[in-house]
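The residues making up each chain are set out below.
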Amino acid sequence: MSCLNKEHRLNSSRDFNKLYKSGKRWHTTSFVAFFGSSTTLKAAFVTSKKVGNAVNRNKARRRMRALFASYEKQLLIGNYIFVAKIELHDKNFLQLKKDFDFALKRLEVLK
């Protein structure tokens with residue numbers, strides 16, 4: 001079971017607003033991570049037009065999804081939102097993984 005399946009996507013605006021207002025958050029140089037406890041594991045990957053054109057936005061989401069999938073077994077159950085920043089494109093995969101590690105540790109969501 002992958003956390004990236006359709007039933008594990010966070011897509012209601014009510015859930016987004018709840019996480020943005022009252023969830024834990026951590027800023028890195030390449031993205032902002034939000035976490036809120038819940039009974040199921042759901043995730044969303046957000047990119048704005050500031051990140052670039054459609055190709056760059058999709059690439060940013062793919063990179064964040066790949067990192068999230070690699071941590072799937074180690075994460076606490078809850079809702080996650082990852083918002084890409086422009087600097088995400090300037091980093092290689094190892095640098096992004098380091099940022100991801102740091103953010104998840106600071107959010108205290110690793111088992």
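Residues numbered from 1 in each chain as written. Predicted model: local features only at pLDDT ≥ 70, side-chain atom pairs only at ≥ 80, totals over all residues. Heavy atoms only, no water.

Colleague: What should I look at first to understand the environment of L4 in this one?
Modeller: Here L4 is to be found in the segment before α1 (13-22). C-alpha separation for the pair L4 and A66, spaced 62 residues apart in sequence, amounts to 9.5 Å. Each residue touching L4, except ones within four places of it in the same chain, is listed here: R9, F45, R65, F68 and A69. (Helix = DSSP H or I, 4+ residues; strand = E, 2+ residues; numbered from the N terminus. Contact = heavy atoms within 4.5 Å.)

Colleague: Whenever I open this one, the environment of L107 confuses me. Can you help?
Modeller: With respect to the helices and strands, L107 occurs in helix α3 (residues 93-107). By relative accessible area, L107 is classed as buried at 2%. Sequence separation between L107 and K59 is 48 residues, and the spatial gap between their C-alpha atoms is 25 Å. Apart from the residues within four sequence positions on either side, L107 is in contact with K24, R25, W26, A33 and F35. (Buried < 20%, exposed > 50% of the residue type's maximum accessible area, 1.4 Å probe, protein only.)

Colleague: What's the story with the packing of aromatic side chains in this structure? I'm lost.
Modeller: The geometry of an aromatic ring pair is captured by two quantities: the separation of the ring centres and the angle between the planes. In total, this model carries 13 aromatic pairs according to the counting rule given. Between F16 and Y20 the ring centres are 6.1 Å apart and the planes differ by 55°, which places this aromatic pair in the tilted class. In this pair, F16 and Y20 are both assigned in helix α1, four residues apart and thus about one turn of the helix distant. According to the relative accessible area criterion, Y20 is partly exposed, its value standing at 29%. Through pairs of rings, three or more aromatic residues link up here, namely F31, F35, F45, F68, Y71, Y80, F82 and F100. (Phe/Tyr/Trp six-rings, centres within 6.5 Å; stacked < 30°, edge-to-face > 60°.)

Colleague: Looking at this structure, how should I read the pairing of strand β3 (residues 42-46)?
Modeller: Residues in a regular strand point their side chains to alternate faces of the sheet. In this sheet, strand β4 (residues 78-84) lies alongside β3 in parallel orientation, the contact comprising five bridges. By the bridge assignment for β4, K42 is matched with N79. A crossover connection joins β3 to the parallel β4 through helix α2 (residues 54-70); in handedness this β-α-β unit is left-handed. (Pairing = 2+ DSSP bridges. Right-handed = clockwise from strand over helix to strand, strands pointing away.)

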